[in-house]
Each structure stands twice: as structure tokens, then as C-alpha cells.
Amino acid sequence: MAELSPADDPALTLLLTRRSCHALVAPAPDDAELELILRAALRAPDFQHLRPFRFLAARDEGLQRLGAALHRAAVRGERPQAEIERAPRMPLRAPLVIVVIASPQPSDIVPVFDQELCAASCVLMMQLAACALGYGGVWRSGWPMHTPATARELGLAADERIVGFLYLGTPRQPLPPPAAEDPAAFLSWI
Ligand SMILES: Cc1cc2nc3c(=O)[nH]c(=O)nc-3n(C[C@H](O)[C@H](O)[C@H](O)COP(=O)(O)O)c2cc1C
């Protein structure tokens, strides 16, 4: 099997060693770094360049506002009591949370699903960019993404949907390397 990091190529090494980080602390990417992260999102593959995405970011008091919105969504969505109680604290798990929203544009050519895949690609592009800058992050969904009330509380249009909550910050501790896997196990040829 090929070595995990076969080359002295930083981009390839980043791709082959990317890890999610759940335990995130301050500092978060600053404004200049966030701009780079957003630039990476804008390089997501985008059929017909429709730009079918937008980003809602929260830091500082915004994290509390996001938590309050999730709390209202949990109540409205009749989530279990434990989730309702936990909702306000969910965004506080990282110093920066980016809600990635698929915002489909009118098109006779590009199906909505393709546009949603484009928006989802933005999440990974941003996570990779954050990792390249030395930060950590995790792409989360959970009930907040799948409960329609969240979309309403965050002001999404009827045709928009959340494709991810990207939690970003500094890893609380160094991450172990990912376990080696054999890619051949996932590949077949037609
Ligand atoms: C669409 C999507 C939603 C996810 N939602 C969650 C989530 O809500 N909670 C969670 O712990 N991990 C979630 N994950 C998985 C993490 O982002 C991460 O991939 C996982 O912890 C494995 O770590 P790794 O990326 O280092 O392999 C989600 C991943 C995707 C692609």
C-alpha cells in the first residue's frame, strides 16, 4: 500500500492527513484568515458559476445569538427536553461557527441537488483551508440542520437549506494522525 504522506507536497499532505477536531478553543481565525477561508469556499466546484451558497458566521456574542436561535428552534421543533436544554450551549463549543447555507439559484440546467452539493463542498473547502492555517474544525449537522424550525429562526428563504455547521477554532490538543485505510477496498471498475 502507498505511504500515507508520499510526497513533500504540502497540499497533498493536507488532503491525506485532514482530521476533524471536536475539542476547539480560542483563538479562532481572525478576519484576514477568515477571508482566506471564505476564498477557499468560493473555489468549490460550481456548475454554471451560480454561487448557490451563503454563509452565516457567529463569534463572540453571535455564538449566544446562534444558541438562542437553536433553542427557539428546538422548542418549536418539539425536540426532546434534553436537546432543548442543551441547544443554547451548542455553538459555544467553538469560537467560530459558520452556518453554510445552500441557496439555489434559478437554472434550467443545474438541478437543485447539484447546487446543494456545491454548497456542501464549500464546507470541506473551508475546513481544509482552516487546517492549512493551523486551525481545527468539524462539520456538524445533527437535529439543528434537519429541523425546519432552525431554518426559520435563522432567516432562511423557503428554498434554502443548511448543509452544515462548520465549527472552527484551535485544537485543544494535537490530533493523532488518521488511521491508515486501504483505498482499494472502496474501488471497483465498471
Ligand atoms: C454532512 C455531515 C454531517 C456531520 N455531522 C456531524 C455531527 O453532527 N456531529 C459529529 O460529531 N460529526 C458529524 N460529522 C462527522 C464529522 O464532521 C467528522 O467527519 C467525523 O467526526 C470523522 O472525523 P474525521 O473527519 O477526522 O475523519 C458530519 C459529517 C458530515 C459530512
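Quantities reported herein were computed from a predicted structural model and do not represent experimental measurements. (Residues numbered from 1 in each chain as written. Predicted model: local features only at pLDDT ≥ 70, side-chain atom pairs only at ≥ 80, totals over all residues. Heavy atoms only, no water.)

Caption draft 1: Seen up close, the packing of aromatic side chains. Taken as a whole and assessed by the stated rule, the structure comprises one aromatic pair. Consider the rings of F53 and F55, whose centres lie 5.5 Å apart with planes at 20°: the pair is stacked. Taking the relative accessible area as the measure of exposure, F55 reaches 25% and is therefore partly exposed. One Lys or Arg, R140, reaches over the ring of Y167 and ends 5.2 Å from the middle of that ring. (Phe/Tyr/Trp six-rings, centres within 6.5 Å; stacked < 30°, edge-to-face > 60°. Buried < 20%, exposed > 50% of the residue type's maximum accessible area, 1.4 Å probe, protein only. Lys NZ or Arg CZ within 6 Å of the ring centre and 35° of its normal.)

Caption draft 2: Expanded view of helix 5 (residues 112-132). An ideal rise of 1.5 Å per residue puts 30 Å on 21 residues; helix 5 measures up with 30 Å between its terminal C-alpha atoms. In the stretch just after helix 5, G134 is the one whose phi turns positive, near 95°. (Helix = DSSP H or I, 4+ residues; strand = E, 2+ residues; numbered from the N terminus. Expected span 1.5 Å × (residues − 1).)

Caption draft 3: Up close: the side chain of E160. Along the polypeptide, E160 turns up in the loop between helix 7 (148-153) and strand 5 (161-171). Judged by relative accessible area, which is 10%, E160 ranks as buried. Here R54 takes part through its side chain, which lies 2.8 Å from a polar atom of the side chain of E160. With residues up to four places along the chain from it excluded, the contact list for E160 reads R54, I101, A102, S103 and P104. (Polar contact = N/O pair within 3.5 Å; in protein donor to acceptor, adjacent residues only side chain to side chain. Contact = heavy atoms within 4.5 Å.)

Caption draft 4: View of helix 3 (residues 61-76). Given a rise of 1.5 Å per residue, 16 residues ought to cover 22 Å, and the 23 Å separating the end C-alpha atoms of helix 3 matches this to within 8%. Within helix 3 the residues assigned to the buried category are G62, L63, L66, G67, A69, L70, A73 and A74. Projected onto a plane normal to the axis of helix 3, the buried residues spread over an arc of 160° and lie on a single side. Relative to its buried face, helix 3 has exposed residues pointing more than 90 degrees away, namely E61 and R65. Contact partners of the buried residues in helix 3: strand 2 (53-58), helix 4 (81-86), strand 3 (96-102), helix 6 (142-146), helix 7 and strand 5. One or two positions beyond helix 3, positive phi appears at E78, with a value near 50°. (Arc of directions from axis to C-beta.)

Caption draft 5: Up close: the UniProt feature "binding site: FMN" (unreviewed entry) in the protein. UniProt annotation of "binding site: FMN" (unreviewed entry) refers to R18, R19, S20, R43, W139, R140 and S141 when read in the numbering used here. Mapped onto the fold, S20 is located in the loop between helix 1 (10-17) and strand 1 (24-25). If sequence neighbours within four positions are ignored, S20 has contacts with Q127, G137, V138 and L175. Of the polar contacts made by the side chain of S20, one reaches the side chain of R18; its length is 3.2 Å. Checked against the element boundaries, R140 lands in strand 4 (residues 136-140). Residues contacting R140, with those up to four places away along its chain left out, are H22, R93, M145, G164, F165 and Y167. Here H22 takes part through its side chain, which lies 3.4 Å from a polar atom of the side chain of R140. (UniProt positions renumbered as here; feature names shortened; annotations may be inferred.)

Caption draft 6: Spotlight on the site of the ligand. Close to the ligand lie R18, R19, S20, H22, V138, W139, R140, S141 and G142, which account for all nearby residues. In the model, an oxygen atom of the ligand is placed 2.9 Å from a nitrogen or oxygen of the R18 side chain. Within the side chain of H22, one N or O atom sits 3.0 Å away from an oxygen atom of the ligand. Looking at the shell around the ligand residue by residue, the class counts come to two nonpolar, four polar and three charged. (Near = heavy atom within 4 Å. Nonpolar A, V, L, I, M, F, W, Y, C, P; charged D, E, K, R; others polar.)

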